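Chain residues, written in single-letter form:
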Amino acid sequence: MDFRFSEKEEAFRREVEDFIKKELPADWTEKNIYWPGGYGTLAEFEVVNPQIERFRRGLAEKGWLTISWPKEYGGAGRTNIEQAIFHERISYYRAPAGEVATEIGGPTIMLFGSEEMRREWLPRIAKGETRFWLAYSEPNAGSDLASLQTRAVDDGDDLIINGQKTWSTAAHVSHYAWMVVRTDPTAPPHKGITLLIVDNNSPGVTIRPLINICGFHSFNEVFFDNVRVPKKNIVGERNKGWYYLMVALDFERLVIPMGGFRRTFEEITQYAKETKHNGQPLSHEPLIRNKLAEIAIQIEVAYMFFWQTAWMLDKGLVPNIEASVLKLVTTELSQKLANAGMQVMGHYGQLERNSKWSPLRGRVSAGYLDCISALVGAGTSEIQRNIIAMRGLGLPRG
Ligand SMILES: Cc1cc2nc3c(=O)[nH]c(=O)nc-3n(C[C@H](O)[C@H](O)[C@H](O)COP(=O)(O)OP(=O)(O)OC[C@H]3O[C@@H](n4cnc5c(N)ncnc54)[C@H](O)[C@@H]3O)c2cc1C
């Protein structure tokens, strides 16, 4: 067992780091209040930011938005370990990179889409021209997603969709819905679902903003009123969407901003070293030292799961239980890190980003609220524990 990166991997890491330092606006990392694991503090959710678009175009030119995809589809043809190295560095600098199309939709199309669909969608996604949002959850279908009610019925070469999606993160700044709909209401719930791609600009799509707990516009509710979608936009086979969805959810659970945890932890530790309380640096306080040591260990544990899943993908294995473990460990870490930040900063930690007294530009105060979303999105912690108990330990369904 060798825990080191190869020379080629180390060289790639340096190349990524050099690119970020050269191309990312100098003050970006410090200004960006993104909380690792959260959904609600990503700056790009609020507006389409020209700086972000320029940076992403630079990544796309190098094939880095889709590093592990084959070159024929616009990827860089690199390994999954190299992809993980890239994401670790990118998230360390809070730099923008992947989104639903590059991390979830594209890999699922690669596995289950027809060759025609791959040729139509993958190069556009790799160029960063096409953004997807996840149209899964409905007002009455969250953890129990198989009870979704949005219907699609046949009309010649098209399907006509009626229904509502909710919690639709970034729908307002994306181009297409990556969507599950019910196509056979007579079949058992899991067997009548189809996965397809729907243009946001189709007549009958209405996107309404929802403001999140941090006060940002990150998600929406979306209504579909007789929306016409060409059947060629169906991914894989009709009525087999549930199976593809399970794989897509595993891809989603592997998207972890590992470097972001390290960066934010370093900033909180630095704060504890520099800030005095009763004439002594906070870092002398036994309680704070304990807390920080505990988080440091948990970050290392999370890193191990992070590299393990990338290694599995390179071996042709599908991380399923491992994806749930990684999701669970890192999202609970997101919450523990926020709690630790609050304890280190005391009352100052509660100040919002527009106060001149707020440490780290209010990142901890926003993160304390945002980390709750981490435990819910992509399947709640309870659902991840159920998956680990059933598929990992072979325990009966709860
Ligand atoms: C910030 C944020 C962003 C999101 N973004 C998106 C998005 O972009 N697209 C999208 O489609 N969805 C999105 N979601 C929705 C998310 O996937 C759902 O909120 C989640 O699956 C839970 O569903 P629910 O909210 O209906 O809660 P429920 O399913 O009603 O769950 C309520 C509680 O019951 C528990 N529970 C439910 N079933 C079980 C069980 N079988 N065993 C044990 N406990 C159980 C849950 O863990 C939870 O604590 C987002 C959610 C959040 C918070």
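From a predicted model like this one, the values you see are computed outputs, not experimental measurements.

K.L.:
What exactly am I supposed to notice about the site of the ligand here?
P.N.:
The local shell around the ligand holds 21 residues, among which Tyr136, Gly142, Ser143, Thr169 and Ser373 are the closest. For the shell around the ligand, the elements supplying multiple residues, two or more each, are strand 1 (132–135) and helix 12 (381–392). Here the shell around the ligand takes three residues from helix 12, the largest share from any one element. Per-class residue counts for the shell around the ligand are eight nonpolar, twelve polar and one charged. Composition of the shell around the ligand by domain shows at least three residues from each of domain 2 (132–239) and domain 3 (250–392).

K.L.:
Is there a simple way to explain the domain arrangement of the chain in this structure?
P.N.:
Much of the literature gives interface size as the accessible area that the parts lose upon coming together. Domain annotation for the chain reports domain 1 (7–126), domain 2 (132–239) and domain 3 (250–392). Domain 2 and domain 3 are separated by 31 Å when their C-alpha centres are compared.

K.L.:
Would you take a moment to explain the environment of Asp250 for this structure?
P.N.:
With respect to the secondary-structure elements, Asp250 resides in helix 7 (residues 241–253). For Asp250, a count of 24 C-beta atoms within 10 Å corresponds to the buried category. With 221 residues separating them in the primary sequence, Asp250 and Thr29 have C-alpha atoms 29 Å apart.

K.L.:
For this particular structure, what's the right way to read helix 11 (residues 363–374)?
P.N.:
Residues lying three or four places apart along an α-helix face the same way, a consequence of the helix completing one turn every 3.6 residues. Taking 1.5 Å of rise per residue, twelve residues should cover 16 Å, and helix 11 covers 16 Å from first to last C-alpha, within 8% of that figure. Across the twelve residues that make up helix 11, a large majority, ten, are buried. Buried residues belonging to helix 11 abut helix 8 (258–274) and helix 10 (321–345).

K.L.:
Help me understand the pairing of strand 7 (residues 217–230), please; the structure alone is not making it clear to me.
P.N.:
Remember that side chains alternate between the two faces of the sheet whenever the strand is regular. Note that strand 3 (residues 158–165) and strand 7 share seven bridges and pair antiparallel. Each residue of the ladder has a partner; that of Asp158, found in strand 7, is Pro230. Looking at chain direction, strand 6 (residues 205–211) and strand 7 are connected through seven bridges and run antiparallel. Bridge assignment links Pro209 to a residue of strand 7, and that residue is Asn220. Where strand 6 folds back onto strand 7 in an antiparallel hairpin, the turn is made up of five residues, including Gly215, whose phi is positive at roughly 90°.

Rules behind the numbers
- Residues numbered from 1 in each chain as written.
- Predicted model: local features only at pLDDT ≥ 70, side-chain atom pairs only at ≥ 80, totals over all residues.
- Near = placed C-beta within 6 Å.
- Helix = DSSP H or I, 4+ residues; strand = E, 2+ residues; numbered from the N terminus.
- Nonpolar A, V, L, I, M, F, W, Y, C, P; charged D, E, K, R; others polar.
- Domains from an automatic or database assignment.
- Buried ≥ 20, exposed ≤ 12 C-beta atoms within 10 Å, placed from the backbone.
- Expected span 1.5 Å × (residues − 1).
- Contact = placed C-beta atoms within 7 Å.
- Pairing = 2+ DSSP bridges.

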